[in-house]
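Residue strings, one per chain:
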Amino acid sequence: MFAAKTHEWGQAFRRLRSRDPKLSDQKINYGKRHQTAKSKQAHHAKQVISASDFTFYPIRKTCQCPAGEVLSCRGEYTDTNGNHKFWFEGRLLQCRDCPLNQACMKNPESAKSNKGHGRVVTFILPDKRKPSYTDWMKHRVDSDVGKQIYNMVSVVEPVFGNIGTAKKLNRFSLRGKAKVQGQWQLYCMVHNIEKVLNYGDIAA
């Protein structure tokens, strides 16, 4: 239980920037170098018929695909966010010869194998959704007080990144605990001198 709560609280903090409209351009301007390549790959990925084009009947627990076939419910569950979900999977005979299988399935060939499967769709019953720990944490960290506390959180990764990448300390060139400690402290001293030189007026 505690591990689940901790995971959801972490999710709430990690998505704080994506929910803040003031930081909407952060990912574009300062994102990782490979994000552009990933976005191009996602753009060229095969687009299939959306689950919104399926008709869901929650009382009968069935759904109808765009081709008119009725898919039976394969299961229902509640995810970690409290969403009550139903998932449906088309039978092989339904999807194998369907005229829309090329547009409906990312891998239409899977319906031709006895070990494959048909189209899978999932639907949520919003009226059964309960507030989760993530919702609670989102409410707290998105508040004015929560943002002030979040801005005061400091991490050590930028320091390691500067020393390892900018100052090229990929490995220690000395041996022995005392010598390694001395070399590390010299790099830390140079790092701190740079911070005083660049941001000393701000700190004052």
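Above this text you will find the structure in question.
Given the structure is predicted, the values throughout are model-derived calculations rather than measurements.

### Brief notes about the overall build of the protein chain
A count of helical and extended segments in the protein chain gives ten helices and five strands. Scored against the burial criterion, the 204 residues of the protein chain give a buried share of 24%. A sequence separation of at least 24 residues applies to 54% of the contacts in the protein chain between residues at least 6 apart. Surface accessibility of the protein chain: about 15,600 Å² in total, with carbon and sulfur atoms responsible for 57%.

### Describing the pairing of strand β3 (residues 70–78)
Remember that side chains alternate between the two faces of the sheet whenever the strand is regular. Bridging between strand β2 (residues 62–64) and β3 involves three bridges; their strand directions are antiparallel. When the bridges of β3 are listed, Gln-64 appears paired with Val-70. Remark: five residues form the turn of the hairpin made by β2 and β3, two consecutive strands paired antiparallel; Gly-68 in that turn has positive phi of roughly 95°. Of the strand pairs in this sheet, β3 and strand β4 (residues 84–89) are connected by five bridges, and their pairing is antiparallel. The residue of β4 that forms the bridge with Gly-75 is Trp-87. Between the antiparallel neighbours β3 and β4 lie five residues, among them Gly-82 with a positive phi of about 85°.

### Comments concerning the pattern of salt bridges
Applying the stated criterion to the full structure yields five salt bridges. Across the pair Glu-194 and Lys-167 runs a salt bridge, and its minimum N-O distance is 2.8 Å. Linking Glu-194 in helix α10 (residues 177–203) with Lys-167 in the loop between α9 (157–166) and α10, this pair joins segments that are 27 residues apart in sequence.

### A short note on the sheet that holds strand β1 (residues 55–57)
Here five strands make up an open sheet; going across it, the order is β1-β2-β3-β4-β5 and the pairing antiparallel. Taken across any chain shown, the strands that pair with only one partner, and hence form the sheet edges, are β1 and β5 (120–125). Here the strands of the sheet are splayed against their neighbours by 30° on average, with no regard to which way each runs. Relative to β2, β1 runs antiparallel, the two being bridged by three bridges. Bridged to Thr-55 within β2 is Gln-64.

### Quick word on the packing of aromatic side chains
Applying the stated criterion to the full structure yields five aromatic pairs. Judged by centre distance (5.8 Å) and plane angle (45°), the rings of Phe-56 and Phe-86 are tilted. One end of the pair, Phe-56, is in strand β1; the other, Phe-86, is in strand β4, and 30 residues separate them in sequence. Phe-86 gets classed as buried once you look at its relative accessible area, which sits at 2%. Aromatic pair Phe-88 and Phe-123: ring centres 5.9 Å apart, planes at 70°, arrangement edge-to-face. One end of the pair, Phe-88, is in strand β4; the other, Phe-123, is in strand β5, and 35 residues separate them in sequence. Side by side, Phe-88 and Phe-123 carry an identical accessibility label, which is buried. Through pairs of rings, three or more aromatic residues link up here, namely Phe-56, Phe-86, Phe-88 and Phe-123. In this structure, Arg-60 is placed above the aromatic ring of Tyr-57, and the distance from its NZ or CZ to the ring centre is 4.2 Å.

### Comments concerning the side chain of Arg-119
Here Arg-119 shows up in the loop between α6 (101–104) and β5. For Arg-119, which is buried and forms no salt bridge, the nearest opposite charge comes from Asp-53, at a distance of 7.6 Å. If we skip the residues at most four places from it in the chain, Arg-119 touches Val-48, Ile-49, Ser-50, Ala-51, Phe-54, Leu-71, Phe-88, Glu-89, Gly-90, Cys-95, Cys-104 and Met-105.

### Quick word on unusual backbone geometry
Even without being glycine, Lys-61 reaches a positive phi, approximately 55°. Within the secondary structure layout, Lys-61 lies in the loop between β1 and β2. A residue is classified by how much of its surface remains accessible, and Lys-61, at 36% relative accessible area, is partly exposed.

Cut-off values and rules
Residues numbered from 1 in each chain as written. Predicted model: local features only at pLDDT ≥ 70, side-chain atom pairs only at ≥ 80, totals over all residues. Heavy atoms only, no water. Helix = DSSP H or I, 4+ residues; strand = E, 2+ residues; numbered from the N terminus. Buried < 20%, exposed > 50% of the residue type's maximum accessible area, 1.4 Å probe, protein only. Contact = heavy atoms within 4.5 Å. Areas by Shrake-Rupley, 256 points an atom, 1.4 Å probe, with all protein chains shown as cover. Pairing = 2+ DSSP bridges. Salt bridge = Lys/Arg side-chain N within 4 Å of Asp/Glu carboxyl O. Axes fitted to C-alpha atoms, helices over the stretch in contact; angles between N-to-C directions. Phe/Tyr/Trp six-rings, centres within 6.5 Å; stacked < 30°, edge-to-face > 60°. Lys NZ or Arg CZ within 6 Å of the ring centre and 35° of its normal. Lys, Arg positive; Asp, Glu negative; His and termini not counted.

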